[in-house]
Amino acid sequence: MPVVQTIFLQFPPAAISPFLSCSIPASNNIPVKFTVSCCSLASPVTVVNGNVEKMPSERNEVRLGLPSKGRMAIDTLDLLKDCQLSVKQVNPRQYVAEIPQISNLEVWFQRPKDIVRKLVSGDLDLGIVGLDTVSEYGQGIEDLILVHEALDYGDCRLSVAIPKYGIFENINSLQELAQMPQWTPERPLRVATGFTYLGPKFMKENGLKNVTFSSAYGALEAVPAMGIADAIVDLVSSGTTLRENNLKEIEGGVMLESQAVLVASRKSLNQRKGVLDITHEILERLEAHLRAVDQFTVTANMRGSSAEEVAERILSQTSLSGLQGPTVTPVFCKRDGRVTADYYAIVICVPKKALYKSVQQLRAIGGSGVLISPLTYFFDEETPRWSQLLLNLGL
């Protein structure tokens, strides 16, 4: 809960007496300048004659905002742990933590919408939230920049849903919904949603004119049955909850495909010391882990006359080309007192879906002793997203 500290200034009696002994005309305005600070994390503001002036946030630490509750919070911590970036939180009730592997980085647990707002205000430098949250509360602000747009969890879509029954029974597309004669200026289509920016924007862009929106949060699926609204705009994952409440999505009604993203303040990246370097490290670790997901390292021995001859056999099989080609090295053994290389060890990377087929092909061309291990990280020369980020920043 925010705490406000009130400070009373005590003046000497001599300084106060003139105010008590005479009247002051209403036209005499005394400019007052003061700073108000509280523990709400918002940047300090200066108030001069009733005008609010934003002050830059003075701090040396780089701040990363993470979701504080729910499935998104759990999955985010799991992803960071998989990237060797475990978050250390001394007390689960505290909202601040650290990642020991990265110095000068503070982790702040916040509501997703507050992460976006504090990125805009400059109180956070980086954040991990859903793209839907960035789009709704960022509202196209240019200072927000997507560093990684596909963290592979938190998948959902923001979609229009209508009842399956009544006047909507034969309505299956957004166009059909817009053309229904029931909607007039006097009786518009009533839409309940928590997305009061994206919802109206989408409807306007798609030509729906007679529409009104009401703010609603939680259990939106019950709203049409209660008669409060005709349709809803909400996040949908599997669609099971919609179906169980006699609602349906319609063609053309998906506003946004969303998943977890890494977002940053453009101003922080350009101006705050250390933000760009920390962003680079986090991005590298994320990319290396995500590229390695569902990839396996396959090692096998193969008899051959030369490394080139073995490589030729391997590359003749479509599933054995690996990421850039096989690694082929001689396996030395001692026979009759002589060191020879009758076998070659081959190493390739294979996607999970092609794993068994690759093993079969290896056996078919003489592979034996096949060993398989999951790939943990795959670091490239430079991640394309880093190059794109520098380009977007004009660096």
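Computed from a predicted model, the values in this text were never measured in an experiment.

Next up on the list: the packing of aromatic side chains. Inspection of the entire model under this criterion finds 2 aromatic pairs. Residues Phe168 and Trp183 carry aromatic rings whose centres are separated by 6.1 Å and whose planes lie at 25° to one another, so their mutual orientation is stacked. One end of the pair, Phe168, is in the loop between strand E9 (156–163) and helix H5 (174–178); the other, Trp183, is in the loop between H5 and strand E10 (189–193), and 15 residues separate them in sequence. The pair Phe168 / Trp183 is uniform in exposure class, with both members buried. Between Tyr377 and Phe379, the aromatic rings sit 6.2 Å apart at their centres with planes inclined by 35°, giving tilted as the arrangement. Residue class for Tyr377 comes out partly exposed when judged on its relative accessible area of 25%.

Turning to the packing of helix H10 (residues 275–292) against helix H13 (residues 384–393), a few remarks are in order. Relative orientation of the contacting elements H10 and H13 amounts to 150°, with a least axis distance of 9 Å. Comparing the axis directions of H10 and H13 gives the class roughly antiparallel. Residues Leu276, Thr279, His280, Leu283 and Glu287 of H10 pack against Pro384, Arg385, Trp386, Leu389, Leu390 and Leu393 of H13. Considering only residue class, the contact of H10 with H13 consists of 7 nonpolar, 2 polar and 2 charged.

As a further point, take the pairing of strand E6 (residues 105–110). Of all 6 residues that make up E6, 6 are buried, and the element is covered over most of its length. Residues Leu105, Val107 and Phe109 line one face of E6 and the alternating positions Glu106, Trp108 and Gln110 line the opposite face, and both faces are buried. Alignment of strand E4 (residues 62–67) against E6, held across 6 bridges, turns out to be parallel. The partner of Pro67 across the bridge, within E6, is Gln110. As defined by bridge partners, strand E5 (residues 96–98) adjoins E6 across 3 bridges and the pair is classed as antiparallel. For Ala97, the partnering residue across the bridge sits in E6 and is Val107. Joining the antiparallel neighbours E5 and E6 is a turn of 6 residues, in which Asn104 adopts a positive phi near 65°.

So, on to the sheet that holds strand E7 (residues 126–130). As summarised here, the arrangement of the 6 strands in space is E5-E6-E4-E7-E14-E8, forming an open sheet in which the pairing is mixed. Lying at the two open borders of the sheet, with one neighbouring strand each, are E5 and strand E8 (144–148). The average angle at which neighbouring strand axes cross in this sheet is 35°, direction not considered. As paired strands, E4 and E7 are joined by 2 bridges and run parallel to one another.

Bringing the packing of helix H3 (residues 112–121) against helix H4 (residues 131–138) into the picture now. Orientation of H3 relative to H4, taken along the N-to-C sense of each, is 55°, at an axis distance of 9 Å. In this view, H3 runs oblique relative to H4, as classed from their interaxial angle. As for the relative orientation of H3 and H4, their crossing is right-handed in sense. The residues of H4 that touch H3, namely those facing Pro112, Lys113, Val116 and Arg117, are Thr133, Val134, Tyr137 and Gly138.

With that out of the way, let us pick up the nonpolar core. Counting 33 residues, the largest nonpolar core has Val134, Leu158, Val160, Ile162, Leu177, Leu189 and Val191 as its most contacted members. Beyond its immediate chain neighbours, meaning those up to four positions away, Val160 contacts Leu177, Phe202, Met203, Ile232, Val233, Lys248, Glu249, Ile250, Gly253 and Met255. Core analysis: the next-biggest nonpolar cluster, separate from the first, contains 32 residues, Ile102, Leu262, Leu283 and Leu389 among them.

With the rule as written, the count across this model stands at 16 salt bridges. A salt bridge links Arg190 to Asp230; its shortest N-O distance comes to 3.1 Å. Highlighted residues: Arg190 in strand E10 and Asp230 in the loop between helix H7 (223–226) and strand E12 (231–236), separated in sequence by 40 residues. Given the relative accessible area of 27%, Arg190 is considered partly exposed. In this structure, a network of salt bridges that share partners links the residues Arg59, Asp125 and Arg272.

Judged from the 8 bridges that link them, strand E16 (residues 327–335) and strand E17 (residues 338–351) form a sheet pairing that is antiparallel. Residue pairing for E17: Pro330 is matched across the bridge by Tyr344. Linking E16 back to E17 in an antiparallel pair, the connection comprises 2 residues, with Asp336 at a positive phi of about 55°.

Quick look at the side chain of Lys248 now. As for its placement among the helices and strands, Lys248 is situated in strand E13 (residues 247–258). Look at Lys248: it is buried, it has no salt bridge, and the nearest opposite charge is Glu176 at 7.2 Å. Polar contacts involving the side chain of Lys248 include one to the main-chain carbonyl oxygen of Phe168, which spans 3.0 Å. Side-chain polar atoms of Lys248 contact the backbone oxygen of Ile171, separated by 2.9 Å.

The rules behind these values
- Starting afresh in each chain, residues are numbered from 1 along the sequence in its written order.
- Per-residue local features are limited, in this predicted model, to residues with pLDDT of at least 70; the limit for side-chain atom pairs, both in listing and counting, is 80 or more; totals at the level of whole chains, interfaces and linings are taken over all residues.
- Note that the side-chain values use all heavy atoms of the structure and ignore hydrogens as well as water.
- Pairing of aromatic rings covers Phe, Tyr and Trp, the last through its six-membered ring, and needs centres within 6.5 Å; plane angles under 30 degrees mean stacked, over 60 mean edge-to-face, and all others mean tilted.
- Secondary structure elements follow DSSP: runs of H or I of four or more residues count as helices, runs of E of two or more count as strands, with numbering from the N terminus.
- Note on exposure labels: buried denotes an accessible area under 20% of the residue type's maximum, exposed denotes more than 50%, and partly exposed covers the range between, all computed with a 1.4 Å probe on protein chains only.
- Note on method: axes are straight lines fitted to C-alpha atoms, helices fitted across the in-contact stretch only, with angles between N-to-C directions ranging 0 to 180 degrees.
- Here roughly perpendicular refers to angles of 65 to 115 degrees, roughly parallel to angles under 35, roughly antiparallel to angles over 145, and oblique to all remaining angles.
- Contacts are assigned to residue pairs that have any heavy atoms within 4.5 Å of one another.
- Under the grouping applied here, Gly and all other residues not named as nonpolar or charged are polar, the nonpolar ones being Ala, Val, Leu, Ile, Met, Phe, Trp, Tyr, Cys and Pro and the charged ones Asp, Glu, Lys and Arg.
- Only strands that DSSP links by at least two bridges are regarded as paired with each other.
- Two helices that cross are described as forming a left-handed crossing if the nearer one is turned anticlockwise from the farther one by less than a right angle, and a right-handed crossing if clockwise.
- What is meant by a nonpolar core is a set of buried Ala, Val, Leu, Ile, Met, Phe, Trp, Tyr and Cys residues, joined one to another through side-chain atoms within 4.5 Å.
- The working definition used for a salt bridge is a side-chain nitrogen of Lys or Arg within 4 Å of a carboxyl oxygen of Asp or Glu.
- Here Asp and Glu are counted as negative and Lys and Arg as positive; His is not counted, and neither are the chain ends.
- Polar contact criterion, stated in full: a pair of N or O atoms within 3.5 Å, where within protein one must be able to donate a hydrogen and the other to accept it, and residues adjacent in sequence count only if both atoms are side-chain atoms.

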